[in-house]
Amino acid sequence: MDRKDISYILHHMHEEDLPGNAVSPPIFQTSIFCFPSFAEFRDALNDEVNHCLYTRGNNPTVMLAEQKIAALEGAGRAKLVSSGSAAISNAIMAFVKSGDHIVCVENCYSWAEILLTKYLPRFGVTTTFVDGTDTDAIFAAVTDKTKIIYLESPTSFTFKLQDLPAIAKEAKKRNIKTIIDNTWATPIFCNPLSMGIDISLHSATKYLGGNSDILAGVITGSKADIDLIQKQEFMQMGTVPDPFMAWLLIRGMRTLPIRMKAHFEGAMKTAAYLETHSKVESVLYPMLDSFKQIALSRMLFTGGSGLFSFQLKCKKIDQIEKFVNSLMLFKRSVSWGGYESLIFPNAVKYPNPADCPADRIGLVRLHIGLEDPEDLIKDLDDALKYID
Ligand SMILES: *Cc1c(COP(=O)(O)O)cnc(C)c1O
């Protein structure tokens with residue numbers, strides 16, 4: 001998609017005739033919609049997916065956000081939901097029933113993994129996890145019960161990519177739905193649907209929102225698939241996006257292309273700096289020349305976001321702690337995709353640090369926000385003095 005299309009989608013599309021000539025769209029803070037006649041009431045009631053009847057189904061502010069995201073992803077339709085996790089569960093559950101099987105990449109988002117390993121087995125749905133970098137391994141795990149191949153490229157701690165066009169092509173032959181969590185790349189840097197993937201979903205809490213002030217998720221795909229998800233899961237589960245959240249999302253997305261450019265530039269500079277540092281063993285950023293799957297990365301992505309990991313040459317928890325605590329600009333937290341830079345040391349996952357495997361003590365994830373990269377590098381440089 002070229003820049004002109006993105007500008008049109010984010011600043012103009014479906015905003016030509018706003019009430020009172022307003023530049024900013026209104027927030028339709030309403031639970032129900034009323035109809036001038038019996039016939040219009042009947043039409044809406046009997047085809048809720050295509051009408052605004054009740055805000056648990058559709059709402060004009062929510063639809064405006066959906067139309068913009070669908071256009072960015074090149075999708076027939078998008079459905080906004082209350083969180084990224086709701087996007088994952090709604091999309092997966094729409095295509096399985098008791099007895100079915102899923103193939104999923106290793107190290108996927110934690111709550112996706114919990115859904116697949118703890119929740120769905122209660123309903124007779126099983127999952128096999130495979131190394132997603134190996135397309136043959138994915139199809140070796142496929143059985144005649146496999147209904148979904150679930151992807152995340154890259155995985156958000158280990159940064160492993162999958163060959164989306166090859167996987168999509170093979171899956172289509174076998175009538176298996178392919179679903180990808182495209183949160184890392186955003187629709188600005190990767191459009192999986194154009195590579196044959198069926199469903200591309202996002203935690204819009206991250207870059208699409210971009211300001212760390214909303215929780216949201218979105219599912220994109222063909223109109224038929226998204227209509228099915230709405231009728232079957234979304235209306236039942238009630239994972240409803242509220243109109244104000246949708247409005248904040250629209251507002252956040254106006255700056256998406258310029259934010260992504262800045263995240264990319266900042267991440268490249270910071271990753272390149274870390275790569276040359278004597279205390280750093282390796283940097284896992286898909287846009288670096290040294291990245292293991294760089295050829296695939298260049299095929300999949302037109303740019304990179306602000307999230308990457310690196311491995312310190314350090315196995316001492318107390319030093320990692322000092323390093324993390326002494327950072328001034330990087331905040332210590334989960335999540336990513338906002339304006340702020342964040343650090344997430346892998347060792348923090350263990351209530352007892354001694355349980356962290358030795359080779360993962362030095363594993364650290366960074367989110368490069370919108371601060372000046374030179375300031376971030378200085379912050380890291382000062383803190384790395386605590387690692388000997
Ligand atoms: C955060 C995240 C999610 C879940 O999104 P929520 O909005 O927090 O529910 C899903 N996938 C990835 C890759 C994420 O980083």
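Cut-off values and rules
- Residues numbered from 1 in each chain as written.
- Predicted model: local features only at pLDDT ≥ 70, side-chain atom pairs only at ≥ 80, totals over all residues.
- Heavy atoms only, no water.
- Helix = DSSP H or I, 4+ residues; strand = E, 2+ residues; numbered from the N terminus.
- Rg over C-alpha atoms; globule rule 2.2 N^0.38 Å.
- Buried < 20%, exposed > 50% of the residue type's maximum accessible area, 1.4 Å probe, protein only.
- Contact = heavy atoms within 4.5 Å.
- Near = heavy atom within 4 Å.
- Polar contact = N/O pair within 3.5 Å; in protein donor to acceptor, adjacent residues only side chain to side chain.
- Areas by Shrake-Rupley, 256 points an atom, 1.4 Å probe, with all protein chains shown as cover.
- Nonpolar A, V, L, I, M, F, W, Y, C, P; charged D, E, K, R; others polar.
- Salt bridge = Lys/Arg side-chain N within 4 Å of Asp/Glu carboxyl O.
- Core = buried A, V, L, I, M, F, W, Y, C linked by side-chain atoms within 4.5 Å.
- Domains from an automatic or database assignment.
- Arc of directions from axis to C-beta.
- Buried area = accessible area lost by both parts, 1.4 Å probe.

**A few points about the overall build of the chain**
Next up, step 1: Looking only at helices and strands, the chain features 14 helices and twelve strands.
Next up, step 2: Here the C-alpha atoms of the chain give a radius of gyration of 22 Å, agreeing with the 21 Å that 2.2 N^0.38 yields for 388 residues.
Next up, step 3: Referenced to the eigenvectors of the C-alpha coordinate spread, the extents of the chain come out at roughly 75 × 55 × 40 Å.
Next up, step 4: When each of the 388 residues of the chain is scored for burial, the buried share is 55%.
Next up, step 5: In the chain, the share of contacts with a sequence separation of at least 24, taken over all contacts with a separation of at least 6, comes to 72%.

**Looking at unusual backbone geometry**
Negative phi characterises most residues that are not glycine, and trans characterises most peptide bonds.
Next up, step 1: Here the residue pair Ser-153 and Pro-154 is connected by a cis peptide bond, since its omega of 0° sits within 30 degrees of zero.
Next up, step 2: The residue Pro-154 is located in the loop between strand 4 (146-152) and helix 7 (164-173) in this model.
Next up, step 3: With phi around 60°, Asn-107 is a residue other than glycine that occupies positive phi space.
Next up, step 4: Structurally, Asn-107 can be placed in the loop between strand 2 (101-105) and helix 5 (110-119).
Next up, step 5: Non-glycine residue Phe-159 carries a positive phi angle of around 55°.
Next up, step 6: On the secondary structure map, Phe-159 appears in the loop between strand 4 and helix 7.

**Examining the site of the ligand**
Next up, step 1: In the vicinity of the ligand, the residues found are Ser-83, Gly-84, Ser-85, Ile-88, Tyr-109, Glu-152, Asp-181, Ser-203, Thr-205, Lys-206, Ala-216 and Trp-336.
Next up, step 2: In this structure, an oxygen atom belonging to the ligand sits 2.8 Å away from a main-chain N or O atom of Ser-85.
Next up, step 3: One nitrogen or oxygen atom from the side chain of Thr-205 is found 2.6 Å from an oxygen atom belonging to the ligand.
Next up, step 4: Burial of the ligand by the protein amounts to 90% of the accessible area it has alone, namely 370 Å².
Next up, step 5: In terms of residues, the shell around the ligand owes the most to one element, helix 4 (residues 84-94), which gives three residues.
Next up, step 6: Tallied by class, residues from the shell around the ligand come to four nonpolar, five polar and three charged.

**Describing the pattern of salt bridges**
Oppositely charged side chains are able to pair whenever their charged atoms sit close together.
Next up, step 1: Within this structure, the stated rule accounts for 17 salt bridges.
Next up, step 2: In this structure, Glu-15 engages Arg-254 in a salt bridge whose closest nitrogen and oxygen atoms are separated by 2.8 Å. Of this pair, Glu-15 sits in the loop between helix 1 (3-11) and helix 2 (38-46) while Arg-254 sits in the loop between helix 10 (243-253) and helix 11 (256-276), and the two are 239 residues apart along the sequence.
Next up, step 3: Here Glu-15 falls in the buried class, since its relative accessible area comes to 9%.
Next up, step 4: We note a salt bridge from Asp-388 to Lys-316, for which the minimum N-O separation is 3.6 Å. Of this pair, Asp-388 sits in the segment after helix 14 (373-383) while Lys-316 is found in the loop between strand 9 (307-312) and helix 13 (317-326), placing the two residues 72 residues apart along the sequence.
Next up, step 5: Asp-388 sits in the exposed class, given a relative accessible area of 60%.
Next up, step 6: Its relative accessible area of 41% is what places Lys-316 among the partly exposed residues.

**So, the nonpolar core**
Next up, step 1: In terms of nonpolar packing, the biggest core is built from 119 residues, with Phe-308 and Phe-323 touching the most fellow members.
Next up, step 2: Looking at which domains feed residues into this core, each of domain 1 (3-98 + 167-253) and domain 2 (256-386) gives three or more.

**What to know about the side chain of Thr-220**
Next up, step 1: On the secondary structure map, Thr-220 appears in strand 7 (residues 217-221).
Next up, step 2: Polar contacts involving the side chain of Thr-220 include one to the main-chain carbonyl oxygen of Ser-200, which spans 2.8 Å.
Next up, step 3: With near-sequence residues (within four places) excluded, Thr-220 lies in contact with Ile-69, Glu-73, Ala-75, Arg-77, Ala-78, Leu-193, Asp-198, Ile-199, Ser-200 and Ile-226.

**Observations regarding helix 14**
Next up, step 1: Of all the residues in helix 14, the buried ones are Pro-373, Leu-376, Ile-377, Asp-379, Leu-380 and Ala-383. The buried residues of helix 14 occupy an angular sector of 160° when the element is viewed end-on, so they sit on one face.
Next up, step 2: Packed against the buried residues of helix 14 are helix 11, helix 13 and strand 12 (363-367).

**Considering the domain arrangement of the chain**
Next up, step 1: Taken domain by domain, the chain holds domain 1 (3-98 + 167-253) and domain 2 (256-386).
Next up, step 2: The C-alpha centroid of domain 2 is placed 31 Å from the C-alpha centroid of domain 1.
Next up, step 3: The junction of domain 1 with domain 2 conceals about 1900 Å² of combined surface from both sides, 65% of it contributed by carbon and sulfur atoms.
Next up, step 4: Summed over the three residues of domain 1 that lose the most area to domain 2, namely Trp-184, Phe-189 and Tyr-207, the buried surface amounts to 48% of that side.
Next up, step 5: In this assembly, domain 1 and domain 2 are joined by zero salt bridges.

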